[in-house]
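Chain by chain, the residues run as shown.
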2 protein chains.
Amino acid sequence: MSENKRCAIFYVSDGTAITAETVGRSLITQFTGIDFIEKRLPFINDVETAQAAAAIIRNTPSDFQQLVINTVVDLELRKIIHSAGGLKLDPFNRLLRRIENNLGLKRDPGVGRTHGMSDSTSYNDRIEATNFALSHDDGVNLNLHQADLVLLGVSRSGKTPTCLYLALHYGLKAANYPITDDDLERMRLPADVMAHKNKLFGLTIDPFRLSQIRSERRPNSRYAELRKCQAEVSDAEMIYHRNQIPFLNTTLTSIEEISGKIMIALDLNKKLY
Amino acid sequence: MSENKRCAIFYVSDGTAITAETVGRSLITQFTGIDFIEKRLPFINDVETAQAAAAIIRNTPSDFQQLVINTVVDLELRKIIHSAGGLKLDPFNRLLRRIENNLGLKRDPGVGRTHGMSDSTSYNDRIEATNFALSHDDGVNLNLHQADLVLLGVSRSGKTPTCLYLALHYGLKAANYPITDDDLERMRLPADVMAHKNKLFGLTIDPFRLSQIRSERRPNSRYAELRKCQAEVSDAEMIYHRNQIPFLNTTLTSIEEISGKIMIALDLNKKLY
């Protein structure tokens, strides 16, 4: 049994609660020596759902402290949630007041919902970009004129999830091209790929990790052999160097970090949806 | 020309800046009558990058007000960024102090990085879930025992992007099954699908919107005809009703909202990565 203190953290929102959860996650990563249990309470937008949320908060076992990150805008609903007790944190109220006072603006409550579909153009961009990523996955389509970027890498180096993340979050049209044994032998990428040199970004990975990933997929195959993985990774990195293609080692990097670094390297300053 | 005030908002972070951008986006949606220009300044983690970020902030055209959302932890780097001027907002400092004071905890700065790869198990879960979504897309694989959920819907109702979002964000294994003309005619789903009734969730969509989406894909086809879309949507909803499958209209709903509502309906309380 852990001797740690225990805390239940609630993310309460009239929308998806993604913002509340993102803020809360940032806060709790700063503390050690305490066990956090997290509970999302999204779409709290009428008295009934607010009362249900308050009941959940009120029923926390008594050996837990309670932390309530509340981004609900409606004042009556906020009161219902606050009646349940716990330490109440509103990430926005004070910041909004500072913006009002310093920039001479008045907020217009209820205008914006961060993760609602306020802008259907950007929604369509994301869907279209996701379809693009799927139809240009794994080199199946080398018609790259419409692509915003083209990810390169040996098989299982993390290209597909990164392309999908960039599409879903930034509406970027991300294609990917798997570097083949033929390419490695010739130490050259196909002309159709090199024609888009300013869109290329390479991924690389620790060969031990690569061998492990490939072994889960095809146990005891030549494809998964450490020696084969080492040779592929080393040759792929050589191709990146020779062609001055920016690249990144994904081994200890999250999809979010990889995506952020690619956008910097290729100067793609897209908004997060 | 807009007569609005203008404001440049900077998201400064030692990591991906996703948290800063999420917070900033929530703030600026509350204001009208002002045009915001946003700029992400991620991976500010040494004096050199901090000075470069400060220079960018300092060089904002003079008719813009400046708002700096700064989540950099290191004090020296914070000072460099703050030297550039503008209204400085730190979303976390005050909240962290309240948690320290109320829960009797001390923060351990530099421990957590929200979107770094602190937990490689969850990273692997996400990648595995993404691969699962791709290999169980569009009914290509009806081996659904491993699935956490199965999305149903007629062609182009939004199944694939939602499955990929759930996989990338929550590590959920989301399969999808496109309801076919045969299913609609028989008013029945295949036995392999119905065997997982408690994992099923239906999507539906406005037939006019569906016809528009399909027309972009296959102009002047029977597939895109409004009458055909109306019949398909109406029959699919009938199947959901008859089988008591929870469902949602995606027409005016963002991927984030759809995902949030599916997790509530199927009682999948997964953490956001």
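Bear in mind that the values here come from a model prediction, so they are computed numbers and not experimental data. Every residue gets a number counted from 1 within its own chain, in the order that chain's sequence is written. The order in which chains are written sets their letters, starting at A; the order in which ligands are written sets their numbers, starting at 1. With pLDDT at 70 or above as the cut-off, local features in this predicted model cover only qualifying residues; side-chain atom pairs require 80 or more to be listed or tallied, and sums for whole chains, interfaces and linings still use all residues. Hydrogens and water are ignored here; the side-chain numbers use all heavy atoms of the structure.

Visitor: So what about the overall build of chain A? Which residues, and what values?
Guide: Within chain A one finds eleven helices and eight strands. When the backbone C-alpha atoms are referred to their principal axes, chain A occupies close to 70 × 50 × 35 Å. Residue exposure (1.4 Å probe, protein chains only): buried if accessible area is under 20% of the type maximum, exposed if over 50%, otherwise partly exposed. Each of the 273 residues in chain A was classed as buried or not, and the buried ones make up 55%. Expressed as a percentage of contacts within chain A between residues at least 6 apart in sequence, the contacts between residues at least 24 apart total 71%. The Shrake-Rupley method, run with a 1.4 Å probe sphere, supplies the accessible areas, and residue values consider only the shown protein chains as cover. Surface exposure of chain A reaches about 12300 Å², of which carbon and sulfur atoms provide 47%. Just so you know, the count uses Lys and Arg for positive and Asp and Glu for negative, and it drops His and the chain ends. A charged residue contributes its charge at one atom only: NZ of Lys, CZ of Arg, CG of Asp or CD of Glu. For chain A, the distance from the average position of its 34 positive side-chain charges to the average position of its 33 negative side-chain charges is 3 Å. What counts as a helix is a DSSP run of H or I of at least four residues, what counts as a strand is a run of E of at least two, and both are numbered from the N terminus. Between two residues, a contact is recorded if the distance between any of their heavy atoms is within 4.5 Å.

Visitor: Describe the sheet that holds strand β7 (residues 200-204) of chain B, and please don't skip the residues or the numbers.
Guide: Residue and element names in this part refer to chain B. Read across the open sheet, the four strands follow the order β6-β5-β7-β8; overall the sheet is parallel. Strands with a single pairing partner mark the edges of an open sheet, and in this sheet they are β6 (174-178) and β8 (247-249). Taken over all neighbouring pairs, the strand axes of this sheet differ in orientation by 25° on average, direction set aside. Judged from the three bridges that link them, β7 and β8 form a sheet pairing that is parallel. Its bridge partner lying in β8, T204 is registered against N249. Here an angle of 0 to 180 degrees is reported between the N-to-C directions of two axes, which are lines fitted to C-alpha atoms, with helices fitted over the stretch in contact. Against the sheet, helix α6 (residues 159-170) makes contact with β5 (149-153), β6 and β7, and its axis sits at roughly 170° relative to β6, the strand it touches most. Here, strands pair whenever DSSP counts at least two bridges between them.

Visitor: Lay out the interface of chain B and chain A with the relevant residues and their values.
Guide: The interface is formed by 84 residues belonging to chain B together with 84 residues belonging to chain A. A simple way to read buried area is as the amount of 1.4 Å-probe accessible surface that goes missing from two parts once joined, with both sides added. Three residues stand out in chain B for area buried against chain A, namely Q30, F31 and L103 of chain B, and they jointly supply 9% of the buried area on that side. One speaks of a salt bridge when a side-chain nitrogen belonging to Lys or Arg is within 4 Å of a carboxyl oxygen belonging to Asp or Glu. For the pair chain B and chain A, the interface holds two salt bridges. Residue R126 of chain B pairs with E256 of chain A through a salt bridge whose shortest N-O separation is 2.8 Å. The term polar contact refers here to a pair of N or O atoms within 3.5 Å; inside protein, the definition further demands a hydrogen-donor-capable atom paired with an acceptor-capable atom, and it admits residues adjacent in sequence only when both atoms are side-chain atoms. Run the count over chain B and chain A and you get 13 residue pairs in polar contact (both at pLDDT 80 or more). Gly falls in the polar group here, along with every residue not listed as nonpolar (Ala, Val, Leu, Ile, Met, Phe, Trp, Tyr, Cys, Pro) or charged (Asp, Glu, Lys, Arg). Within the side of chain B that touches chain A, the residues separate by chemical class into 36 nonpolar, 25 polar and 23 charged.

Visitor: Could you give me a rundown of the confidence of the model for chain A, with the residues and numbers involved?
Guide: Mean pLDDT for chain A: 91, with 94% of residues reaching 70 or above. pLDDT expresses how confident the predictor is about each individual residue, on a scale running from 0 to 100. Here helix α5 (residues 120-135) of chain A stands out as the least confident element of chain A, with mean pLDDT 86; strand β7 (residues 200-204) of chain A is the most confident, with 98.

Visitor: Tell me what's going on with the sheet that holds strand β8 (residues 247-249) of chain A, and back it up with residues and numbers.
Guide: Residues and elements named next belong to chain A. Taken in spatial order, the four strands make up an open sheet running β6-β5-β7-β8, and their pairing is parallel. Across the chains shown, the open sheet's two edge strands, defined by having one partner strand only, are β6 (174-178) and β8. Sheet twist, expressed as the average angle between the axes of neighbouring strands with direction ignored, equals 25°. As paired elements, strand β5 (residues 149-153) and β6 share five bridges and run parallel to each other. In the strand pairing of β6, L149 is matched with A174. Each of β5, β6 and β7 is contacted by helix α6 (residues 159-170), which is oriented at about 170° to β6, the strand it contacts most.

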